[in-house]
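# Structural features, examined
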Amino acid sequence: MYHIGHWKTIGDSYGRLYSYAQENKLKLGDFFYEDCLFDELTMYGYENYITQISVQIV
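Notes on the structure in this doc start here. (Residues numbered from 1 in each chain as written. Predicted model: local features only at pLDDT ≥ 70, side-chain atom pairs only at ≥ 80, totals over all residues. Heavy atoms only, no water.)

## Remarks on the packing of aromatic side chains
This is how it is decided: The criterion for an aromatic pair is that two Phe, Tyr or Trp rings (for Trp, the six-membered ring) have centres within 6.5 Å, with stacked assigned to planes under 30 degrees apart, edge-to-face to planes over 60 apart and tilted to the rest.
Counted by the stated rule, this structure contains three aromatic pairs. Taken together, the ring pairs connect Y14, Y18 and F32 into an aromatic cluster.

## Some words on the side chain of D39
Basically, it comes down to this: A run of H or I in DSSP counts as a helix once it spans at least four residues, and a run of E counts as a strand once it spans at least two, with each numbered from the N terminus. Only protein chains enter the calculation, and the probe is 1.4 Å; a residue is then buried if its accessible area is under 20% of its type maximum, exposed if over 50%, and partly exposed in between. Charge counting follows a simple rule: Lys and Arg are positive, Asp and Glu are negative, and His as well as the terminal groups are ignored. Salt bridge criterion: a side-chain nitrogen from Lys or Arg within 4 Å of a carboxyl oxygen from Asp or Glu. Two N or O atoms form a polar contact when they lie within 3.5 Å of each other; inside protein one atom must be a possible hydrogen donor and the other a possible acceptor, and for residues adjacent in sequence the pair counts only when both atoms belong to side chains.
In this fold, D39 is placed in the loop between β2 (28–38) and β3 (50–57). Buried and unpaired, D39 has no salt bridge, with K8 as the nearest side chain of opposite charge at 16 Å. In terms of polar contacts, D39 uses its side chain to reach the backbone amide nitrogen of L41, at 3.0 Å.

## Overview of the side chain of H3
Going by this rule: Whether two residues are in contact is decided by their heavy atoms, any of which lying within 4.5 Å being enough.
Inspection of the secondary structure puts H3 in strand β1 (residues 2–4). Polar side-chain contacts of H3 include one of 3.3 Å to the side chain of T9. A polar contact of 2.7 Å, which involves the side chain of H3, links it to the side chain of S13. In this view, H3 contacts T9, I10, S13, Y49, I50, T51 and I53; residues no more than four positions away in its chain are not counted.

## Quick notes on the sheet that holds β1
Stated precisely, the cut-off is as follows: In this scheme, strands are said to pair when DSSP sees at least two bridges between them. To obtain each axis, a line is fitted to C-alpha atoms, and for helices this fit is confined to the stretch in contact; angles are then taken between N-to-C directions over 0 to 180 degrees.
Ordered in space as β1-β3-β2, the three strands form an open sheet in which the pairing is antiparallel. Only two strands of the sheet have a single partner each, and these edge strands are β1 and β2. For this sheet, the mean angle separating the axes of adjacent strands, direction not counted, is 25°. Taken together, the seven bridges between β2 and β3 define a ladder with antiparallel strand orientation. Bridge pairing in β3 places F38 opposite I50. Across the sheet, helix α1 (residues 10–23) touches β1, β2 and β3, and the angle it forms with β2 is around 140°.

Below, the structure written as structure tokens:
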């Protein structure tokens, strides 16, 4: 999934990810990975940051 916004609000995206997994009876792996695609080096303003969140579905 992709989180758009400041890193302080990334917990909201994790919450939506967990909710989606529970609603669809998906089991998530143990490790999550965050890749910052756009940060202060490429975008202006925290609200424009884009972070990719990856997790294995087992």
